[in-house]
Amino acid sequence: MRKRHEFIEESRKQWSSEPAFVASMAAAAVGLGNLWRFPYMVGENGGGAFVVAYLLALIVVVLPIMILEVSAGRLSKGSTVQTYRQVNRFGVVYGWFVVLITVAITSYYLVITGWTLGYAVDAATNNLQVFDDFTAGYNSLWYFFAVTVVGAIILAKDVTAIELLSKILMPVLIVVMIGLVILASRTSGWEQTKDFFFQVDWSRLTDGKLWAFAFGQAFYSLAIGQGYLVTYGSFIPRQTHVPRACLIVAGTETSVALLAGWMIFPFVFSLGMEPTEGSQLAFVTMPRVFEDMAGGYWVGTLFFSLFFMAAFSSSLAGLKVMIAAVAEEFRLSNGKAVSLVTLVMLVLGTASALSFTPLEWNIAGEPVLDVIDRVAGGNVIIFSGVLGAAIFCWFIPPEKIRTVLGTQSRWWEWRMYLVGRYLPLVMLIWIVVTYALNQVGITPA
């Protein structure tokens, strides 16, 4: 064990400052979960009711767990597996479970990142296509290969490359999105968008499925239970105020998600499209917008280039979780770990990539990519995040976490341990009650 810790210390670098950590973590969180997944989840789940449920889930439950995961990573200064190993013997099994979830998510995440790169290239060459035309050939496969290889090259340089990329990306992305929201406010669909977001059907908040999707999106957006936060937290420099840093990241993530909705839905309604388009919503809507827009060539190129950069930064985060675990558990150099993880991604991601090609790989009539997203990006993430929080809060004394929070206030410590210790019990009671009601013929909403 001593040798392993020595290896970790020798191979581990740190973010240069708290702002650098915030920018890097925000770039990891602000990606496809906000620009791609959030709008289509809002569209499929009733607009304003989903947003209300999402915000409540984020503030009450998800944010304390986020702070807890970052703090645990800072405390252990190791990979996801190493962090949970220090907590409990069972933690090793759970740590690898988290890595496997990240493997599943990143395998299709890289495919969608490839779509954003393809659209950026098409926009730059003035050849934007609707989604069905874009995926008529093997673009999904070739661009998936391209972003995976480029990601491997960048990660061979370790955290400094991620930090530099993130500092440039985030400010530009937000400015462009605000500009597109202003443009969207001048369309005929703006009023319908306001109704869609602000006319909340409160009766839908009694729907258990809506809450499941809302919690799943909140966990997905902030990368809970996926090893991102633990891994990035392990690189935090001293003097970092962890709750403040996490609040900024969560605020940025939520703002970008809402901006994405206000950017896309006015155009959706103006074009007479349905908000329930599904996972291809952004890729179906925005090309048509830029095609009819004055100066659409320049705006489209900039939008899809930034869309790609946001997606790519999140892909790097997922790859980094796997690389850190493989390097530290098998005592490999960073270069060898990068090569091994890249090979695994190329093999696994091909199934999702081929589901949007003429081969149309599917599971039970549904694209492989959509199936993996629904399973790994929903209930599995919720289960992983809740279980991880419980492991931390039941086996790490509060005074230990307190030493790495970077604040004297007990407020966040109290919140973290309240959620981490008792949320699993609440969920268990809910499952038992729901099952019992079903057995007597009563189906809860």
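For the structure, see preceding data.
Here's a quick rundown of the structure. (Residues numbered from 1 in each chain as written. Predicted model: local features only at pLDDT ≥ 70, side-chain atom pairs only at ≥ 80, totals over all residues. Heavy atoms only, no water.)

**Looking at the overall build of the chain**
Turning to step 1, where the next piece is worked out: The helix and strand tally for the chain stands at 20 helices and 2 strands.
Turning to step 2, where the next piece is worked out: Taken over 445 residues, the chain has a buried fraction of 58%.
Turning to step 3, where the next piece is worked out: As presented, the chain carries roughly 18000 Å² of accessible surface, and 65% of it is formed by carbon and sulfur atoms. (Helix = DSSP H or I, 4+ residues; strand = E, 2+ residues; numbered from the N terminus. Buried < 20%, exposed > 50% of the residue type's maximum accessible area, 1.4 Å probe, protein only. Areas by Shrake-Rupley, 256 points an atom, 1.4 Å probe, with all protein chains shown as cover.)

**Topic: the nonpolar core**
As a rule of thumb, soluble globular proteins bury nonpolar side chains together.
Turning to step 1, where the next piece is worked out: Membership of the largest hydrophobic core comes to 140 residues, with the highest contact counts inside it found for Met66, Trp115, Phe219 and Phe304.
Turning to step 2, where the next piece is worked out: Contacts of Phe219, omitting those with residues within four sequence positions, involve Val61, Val62, Ile65, Ile224, Gln226, Ile381, Ile382, Gly385 and Val386. (Core = buried A, V, L, I, M, F, W, Y, C linked by side-chain atoms within 4.5 Å. Contact = heavy atoms within 4.5 Å.)

**Let's talk about the packing of aromatic side chains**
Turning to step 1, where the next piece is worked out: Overall, the coordinates contain 33 aromatic pairs when judged by the stated rule.
Turning to step 2, where the next piece is worked out: Between the aromatic rings of Trp115 and Phe131, the centroid separation amounts to 4.8 Å while the plane-to-plane angle is 75°, which identifies the pairing as edge-to-face. In this pair, Trp115 is assigned in helix H6 (residues 90-124) and Phe131 in helix H7 (residues 131-134), connecting sequence segments 16 residues apart.
Turning to step 3, where the next piece is worked out: We classify Trp115 as buried; its relative accessible area is 0%.
Turning to step 4, where the next piece is worked out: Between the aromatic rings of Phe308 and Phe312, the centroid separation amounts to 5.3 Å while the plane-to-plane angle is 20°, which identifies the pairing as stacked. One end of the pair, Phe308, and the other, Phe312, are both in helix H15 (residues 296-329), 4 residues apart, so they sit about a helical turn from each other. Each member of the pair, Phe308 as well as Phe312, carries the same accessibility label: buried.
Turning to step 5, where the next piece is worked out: An aromatic cluster is present here, built from Trp190, Phe196, Phe197, Phe198, Trp262, Phe265 and Phe269 joined pairwise through their rings. (Phe/Tyr/Trp six-rings, centres within 6.5 Å; stacked < 30°, edge-to-face > 60°.)

**Some remarks on the side chain of Ser352**
Turning to step 1, where the next piece is worked out: As for its placement among the helices and strands, Ser352 is situated in helix H16 (residues 334-354).
Turning to step 2, where the next piece is worked out: Exposure remark for Ser352: the relative accessible area of 0% places this residue in the buried category.
Turning to step 3, where the next piece is worked out: Not counting the four nearest positions on each side in its chain, Ser352 is found in contact with Tyr108, Val111, Val368, Leu369 and Ile372.

**A word on a nonpolar patch on the surface**
Turning to step 1, where the next piece is worked out: Taken together, the side chains of Trp394, Phe395, Trp411, Trp414, Leu418, Tyr422 and Leu425 present a nonpolar region at the surface, about 790 Å² in accessible area.
Turning to step 2, where the next piece is worked out: At the level of elements, helix H18 (379-395) and helix H20 (411-439) are the ones that each hand at least two residues to the nonpolar patch.
Turning to step 3, where the next piece is worked out: Tallying contributions element by element places H20 first for the nonpolar patch, with 5 residues.
Turning to step 4, where the next piece is worked out: Relative to the assigned elements, Leu425 resides in helix H20.
Turning to step 5, where the next piece is worked out: When its relative accessible area of 45% is taken as the criterion, Leu425 is described as partly exposed. (Patch = residues over 30% accessible without salt bridge, like charges linked within 9 Å, V, L, I, M, F, W, Y side chains within 5 Å. Salt bridge = Lys/Arg side-chain N within 4 Å of Asp/Glu carboxyl O.)

**Let's talk about helix H19 (residues 398-405)**
Turning to step 1, where the next piece is worked out: Turning to H19, its buried residues number three or more, namely Ile401, Val404 and Leu405. End-on view of H19: buried residues confined to an arc of 110°, all on one side of the axis.
Turning to step 2, where the next piece is worked out: At the C-terminal side of H19, Gly406 shows a positive phi close to 80°. (Arc of directions from axis to C-beta.)

**Some points on unusual backbone geometry**
Turning to step 1, where the next piece is worked out: Of note, Asn126 is a non-glycine position whose phi angle comes to about 55°, a positive value.
Turning to step 2, where the next piece is worked out: Although it is not a glycine, Arg331 adopts a positive phi angle of roughly 50°.

**Considering the environment of Leu58**
Turning to step 1, where the next piece is worked out: Mapped onto the fold, Leu58 is located in helix H4 (residues 48-76).
Turning to step 2, where the next piece is worked out: Separated by 159 residues in sequence, Leu58 and Gln217 have C-alpha atoms that sit 9.2 Å apart.
Turning to step 3, where the next piece is worked out: The residues contacting Leu58, other than those within four sequence positions of it, are Leu63, Ala218, Leu222, Glu253 and Thr254.

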